[in-house]
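One letter stands for each residue in the lines below.
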Amino acid sequence: MPSPESRVARVPGERLAGWVERFAARHGSVQESDTDDGLLLRAADGAEALLQAPWPADGRPGRGDDALTRLASLTTQPRQLGLVLVRRGGYSVAVVAEGRVLASKTGTRHVQSRTAAGGWSQQRFARRRSNQADALVEAVAAHAARIFAEHRIEYLVPGGDRTLADLVLAEPVLKRYAPLARLALLDVPDPRAAVLKKAAADACAVRIQVTDPPS
């Protein structure tokens, strides 16, 4: 029997109740349970939805009479996040809060793709690619340091290429932010203005992993 398929959605806190209502309408009555991973919804037909807050409560839990309301309330808190979205084709660094971009810098820098050529040619391309990647990392880190400096950053959010994002955040110019917690990596294409806008909303939304009912 094939494993049930799963998918991920991101839903703003103010739309969470409506999303759960539609989930129940499609799959039947829902039971809620708090788990270490998040709020788990189990529907009558076997479908499941794991709801995860975008950030930890950190002493500032959401308000409400039930777990769903408290989760939605938590996501609407105006916490400031430092986004570092980077891929070989470009980058965006930004400060976001409540799903909106407060300050940002987006740009393009080319990092050459890997080559299948051998010998000296391959080594030359590898060195060029490495130099281009180093220049990209340094430039993005410098932009992030400038953008972040004017705000009270509470969490860091990497996105795009995990290795490049990690290298950016490890740059000495960003060492003051090293103690901050990093939230889940955002899977984004080459950063552009529209990509950044969506990433800002996703970073402040509830992450929902939906698992279909068994066949």
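Refer to the structure above for everything that follows.
Now for a description of the structure that goes with this document. Numbering of residues starts from 1 in each chain and follows the order in which that chain's sequence is written. For a predicted model such as this one, the threshold for reporting local features is a pLDDT of at least 70, and the threshold for listing and counting side-chain atom pairs is 80 or more; totals across whole chains, interfaces and linings nevertheless cover every residue. In computing side-chain values, all of the structure's heavy atoms are included and hydrogens and water are not.

Counted as a void, the second largest pocket has a volume near 220 Å³. Lining the second largest pocket are 13 residues, and of these Arg10, Leu186, Asp187, Lys198 and Asp202 lie nearest its centre. For the lining of the second largest pocket, the element with the most residues is helix α5 (residues 193–203), which contributes four residues. Across the lining of the second largest pocket, the residue classes tally to eight nonpolar, no polar and five charged. Cavity: a set of points on a 1 Å grid over the protein atoms alone where a 1.4 Å probe fits but cannot get out. Pocket: an open set with protein on both sides within 12 Å along at least five of seven lines, its lining residues, like those of a cavity, having an atom within 4 Å of a point. Grid points are joined across faces, edges and corners, and a volume is the space filled by probe spheres set on the points. Helix and strand definitions follow DSSP, with helices as H or I runs of at least four residues and strands as E runs of at least two, each counted in order from the N terminus. Polar here means any residue other than Ala, Val, Leu, Ile, Met, Phe, Trp, Tyr, Cys and Pro, which are nonpolar, and Asp, Glu, Lys and Arg, which are charged; Gly is therefore polar.

Turning next to the nonpolar core. Among the nonpolar cores identified, the biggest contains 21 residues, and Val84, Val86, Val140, Phe148, Val168 and Leu174 are the most heavily contacted of them. Every element with two or more residues in this core is listed here: β5 (81–87), β6 (90–97), α3 (119–148) and α4 (162–169). Broken down by element, this core gets its largest block of residues, eight residues, from α3. The contact definition used throughout considers only heavy atoms, calling two residues in contact when any of these lie within 4.5 Å. For valine 140, the residues in contact, after removing those within four places along its chain, are Val84, Val86, Tyr91, Val93 and Val168. Grouping buried Ala, Val, Leu, Ile, Met, Phe, Trp, Tyr and Cys residues that are joined through side-chain atoms within 4.5 Å yields what is termed a nonpolar core. Whether a residue is buried, partly exposed or exposed follows from its accessible area with a 1.4 Å probe, protein chains only, as a fraction of its type maximum: under 20%, in between, or over 50%, in that order.

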